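Next come the chains, spelled out residue by residue.
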Amino acid sequence: MFTVDLLLSALVAGVLLGGFYAAVSLGLTVAFGQLNIVNIAHPAFVILGSYVAYMCNSRWGLDPILVGLAFTPVFFLIGVGAYRIYYESFERRDDEALRGLAFFFGVMFIIEVGLIMVYGVDFRTVQAPYIGQNFKIGAVGVPTRMLVPFCVSLVMFACVYLYMSRTFNGRAIMAVAQDRLALQLMAADPVRIKQLGFGIGIGTTALAGALLIIIIPIEPSIGRLYIGQVFAIAVLAGLGSIPGTLVAALVLGIAESLVATFFGPSWAPAVAFGILLLALAFRPQGLFGR
Amino acid sequence: MRIDAFHVTALAIALLGAAVTIFDLIPVNKFYFFAGYVVLQYVVLATAWNIMGGYMGYVNFGTAGFFAVGAYTSVVLYNLMKAPLILMIPVSGAVCALLGLGMGYLTLRLRGVFFAIATLAMAIVLETLIVNWDYVGGATGAYILRSREIAPFGDYVEFLFFVMLVLAIFAVTVARWIERSKMGRGFAAIRDDEVAAECTGVPTLRLKLVATTVSGFLMGVAGAPFVLYVGFVEPSSAFNLVYAVNSIAMPMIGGATTWLGPLIGALLLGTVQQVATVTISSELNLLIVGGLLVFFVIAAPEGIVGLVRKWRGRGR
Amino acid sequence: MTGERLLEVRSVTKRFGGFVALDEVSIEVGKGERFGLIGPNGSGKTTLINCISGTLANDGGEIVFKGAVLDGRKPHERTRLGIARSFQIPKPFRSMTVLENLAIPLEYASGAGAREVEDRGMAILESIGLGNRAGESSGKLTQIDMRKLELARAMASEPELLISDEAMAGLSSTEVDDILEILFRMNERGITIIMIEHIMRAVMRFSERIVVLDAGRKIAEGKPDEIVNDPEVERAYLGE
Ligand SMILES: Nc1ncnc2c1ncn2[C@@H]1O[C@H](COP(=O)(O)OP(=O)(O)OP(=O)(O)O)[C@@H](O)[C@H]1O
Ligand SMILES: [Mg+2]
């Protein structure tokens, strides 16, 4: 049944969802799009971030967003460490294509199963004052549970964008995959730059995970579903484009929300993957690529 | 094709299998057939994966998708016409071969990683389709009634075990034949350097499509008897990520460049898992698989086969 | 150029994004000719070879080989038609031995049966001085041997046109002479050769005709002695 109100709320929900997706896929845009590292474990790190927020929230009542922020440096270091292993074992040996992929697949699996062993497969949630409230604009309800993550992710997005476009290291990260020579002229060490970039990519997952568990209850294996979202966004964005990531995330968020509203939520998972398959088949250079 | 020791051994194993299941020459506890079926099923899956992944360097994360499509094709055939297993197997294989061909056609002209990501996507799209398809039971799943006994095997599980044994021998033989043929050398050239392969005359796109088709066929064949084995399928069991993980981990641990690798990997890891699920929790069991996968890709990139070769080389 | 044309490159243009790597380049190579292609670093030589061999698609113009337009044909089809190339940055099949590397073009391009592969491969390896390396893993070769392997693998597809992209870089002067010797001998058997080289001594000695590229444009064409005395060429190499 179709009404204008329903359409409007679906659109609003889609925009809010899309803003959040932007935060989730930002790290992959850096790792995959800019550094050419196919980190399929990215969503697993997001879920790990969610469980960190959950643990601190349920045990000490800490605000999940603050926990996410506080753990960003920790996740950054995890990312740096993971890149070192990746570089030494695969990239340097020119072996990313097969074993590098298998490596991240294994890491994803270990995180997922590890979380199941510790926390089980029950859905977990967090408590915070801004969860569970609603306000209305006209007939359209806007849950703060969605609005707060939306705002936080836009702020995070802006910070990373400014860092990448305004600082020396940020620009070096953008350049590393495209042009090694330019990087050498800048007197930057490509390995160190990639390590920094990958660290930032994983660093964003701490906060993204906290936002995720604010939005919906989570259990360890839902990370896999987000593989579709993050890669669909990264590909659609035109690999490596940060503004493109935001647009692609909004497109996907709106598409999913519309499908969930008018066809039923059980079809939603197919949207991201469907878009991804279509993008790969017909427009692998992304919406904004040449 | 020349007949050699391999074929003789394969035939001997098949005959032994027949002797045990049909004529009950050696009394075997029913549990071993039950567990053995799963191990053999992994031999097929790992071997199928390796044709794409190990021989050609293209990672397929969607094994579970192919397997499940094989299984659900059987459900459809059963619902339509109560088809026998002997019909389910080739049809499931054919459907998955087409699926592989389509996937390959859409993505294989792109960089290799896009194929990998697309396979992941495909598995989830297919799962969503099945969840929403009531004819095959949707999210709640579907039952298949099978007889408890079947002539001349007696117990139905023994029959399924024998079928899977034949399929495993078939898969390994196909893989070994490919590996030693001109086609296999073309696959290896693609894995080593795709541009150089093209420039030395290798029709890379065509070979890649052959590989996805053959690999898809074998995965579908492995999934076909699944419904009869469990009696009841639901999307979450047929699309279980465990299939994807194992089909990658087994060749990587065994050694991905030869037919022997996935065979060893599947027999070893498959058996360990069967023992472990009875003795320890299934989560810990999976954690071990993941850990082994990561360990092997970092520390022993050529797998067990590579380790043995190195060790032998040093001995000489 | 005299005699029958083997290869014609007609106003070929190639862009990378906004950057024009080849700007309406036209060359003609005659059957049996020894042809030199030179130019400063980044002038587009390898890009032109990529367009001819089909690993890159040209954005404008067309390439004609033995009277047939090649555009749209895959690299492997062009190889089977008789165009072989070596790679400036060697691309050996690393998991294979040196001899197995040759087996690929032998089987896939020149149609050798599995039984002939070894004899024919060994003959090529002997001729290029890699005979004693046949069983070695190709990933472990020295840079010099890898360059020789590049050339050997190109020869194994039994081409009518062989394009050698800096096969001699880093070789000692006796080794350069060895390779030149091999190329001369191939040419005597009727194989047309395009040589890209920075070692002037070698190109000048080898080529009957030379084309000079600079910044994606053809700036000169002629006999070696004409090229040497061309003021435009001098400017391209030495700068203003
Ligand atoms: N795939 C590519 N993408 C973007 N730019 C490219 C690509 N390949 C080549 N170029 C650019 O095109 C120009 C010509 O490169 P090319 O490799 O053809 O030069 P070359 O004449 O072979 O130089 P050299 O003597 O160093 O081998 C260079 O500026 C190079 O940076
Ligand atoms: Mg060059």
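Described in the following lines is the structure provided in the data block.

What counts, and at which threshold
Residues numbered from 1 in each chain as written. Chains lettered and ligands numbered in written order. Predicted model: local features only at pLDDT ≥ 70, side-chain atom pairs only at ≥ 80, totals over all residues. Helix = DSSP H or I, 4+ residues; strand = E, 2+ residues; numbered from the N terminus. Buried ≥ 20, exposed ≤ 12 C-beta atoms within 10 Å, placed from the backbone. Contact = placed C-beta atoms within 7 Å. Nonpolar A, V, L, I, M, F, W, Y, C, P; charged D, E, K, R; others polar. Pairing = 2+ DSSP bridges. Near = placed C-beta within 6 Å. Axes fitted to C-alpha atoms, helices over the stretch in contact; angles between N-to-C directions. Core = buried A, V, L, I, M, F, W, Y, C linked by C-beta atoms within 7 Å. Parallel < 35°, antiparallel > 145°, perpendicular 65-115°, else oblique. Left-handed = near helix turned anticlockwise from the far one by under 90°.

This part takes up the overall build of chain C. Looking only at helices and strands, chain C features nine helices and ten strands. Counting every position in chain C, which comprises 240 residues, the buried fraction comes to 46%. Long-range pairs, those at least 24 residues apart, make up 65% of the contacts in chain C with a sequence separation of at least 6.

Taken together, the 17 residues of chain B in the interface contact 22 residues of chain C. Class assignment of the residues belonging to the side of chain B that touches chain C gives a composition of eight nonpolar, four polar and five charged.

The next thing to look at is the sheet that holds strand S4 (residues 60–65) of chain C. Residues and elements named next belong to chain C. Taken together, four strands build an open sheet; the order of strands is S2-S1-S4-S5 and the sheet is antiparallel. Each having just a single partner strand, strand S2 (19–30) and strand S5 (68–69) make up the two edges of the open sheet. Note that strand S1 (residues 5–16) and S2 share eight bridges and pair antiparallel. Bridge pairing in S2 places lysine 14 opposite leucine 22.

To continue, consider the site of ligand 1. Residues and elements named next belong to chain C. Lining the immediate surroundings of ligand 1 are Phe16, Ala21, Gly39, Asn41, Gly42, Ser43, Gly44, Lys45, Thr46, Thr47 and Gln88. Here the shell around ligand 1 gets three residues from one element, more than from any other, and that element is helix H1 (residues 45–53). The residue makeup of the shell around ligand 1, split by class, is two nonpolar, eight polar and one charged.

Moving on, we get to the sheet that holds strand S9 (residues 209–214) of chain C. Residues and elements named next belong to chain C. In spatial order, the strands read S6-S7-S8-S3-S9-S10; together these six strands make up an open sheet with mixed pairing. For this open sheet the edge positions go to strand S6 (83–85) and strand S10 (217–222), each flanked by a neighbour on one side alone. In this sheet, adjacent strand axes meet at a mean angle of 20 degrees when their direction is disregarded. In the sheet, strand S3 (residues 34–38) pairs with strand S8 (residues 192–196) via four bridges, with the strands oriented parallel. Bridging across to S8, glycine 36 finds its partner in methionine 195.

One broad trend across soluble globular proteins is that nonpolar side chains are buried collectively. By size, the foremost hydrophobic cluster in this structure holds 280 residues, and its most contacted members are A:Leu276, B:Val43 and B:Val44. Not counting the four nearest positions on each side in its chain, B:Val44 is found in contact with B:Leu167, B:Ala168, B:Ala171, B:Leu218, B:Val221 and B:Ala222.

Once that is clear, we can look at the interface of chain A and chain B. The partner chain B presents 36 residues to the 34 residues of chain A that form the contact. Counting residues per element, the ones that place at least two in the side of chain A that touches chain B are helix H3 (64–91), helix H4 (96–119), helix H9 (223–236) and helix H11 (268–282) of chain A. Among the elements that make up the side of chain A that touches chain B, the one with the highest residue count is H4(A) (15 residues). Residues of the side of chain A that touches chain B, tallied by class, amount to 25 nonpolar, six polar and three charged.

All names here are of chain B. Between helix H12 (residues 241–254) and helix H13 (residues 260–279), whose axes approach to 7 Å, the crossing angle comes to 115 degrees. As judged from the angle between their axes, H12 and H13 are roughly perpendicular. Helix-helix and strand crossings are classified by hand; for H12 and H13 the assignment is right-handed. Of H13, the residues touching H12 (which contributes Asn246, Ala249, Met250, Pro251, Ile253 and Gly254) are Gly261, Pro262, Leu263, Ile264, Gly265, Ala266 and Leu269. Residue composition of the contact of H12 with H13, by class: nine nonpolar, four polar and no charged.

Moving on, we come to the environment of A:Ala272. Residue and element names in this part refer to chain A. Tracing the chain through its elements places alanine 272 in helix H11. You can call alanine 272 buried: it has 27 C-beta atoms within 10 Å. When the C-alpha atoms of alanine 272 and leucine 250 are compared, they prove to be 12 Å apart, with 22 residues separating the residues in sequence. Residues within four places of alanine 272 in sequence aside, it is in contact with Gly228, Gln229, Ala232, Leu252 and Glu256.

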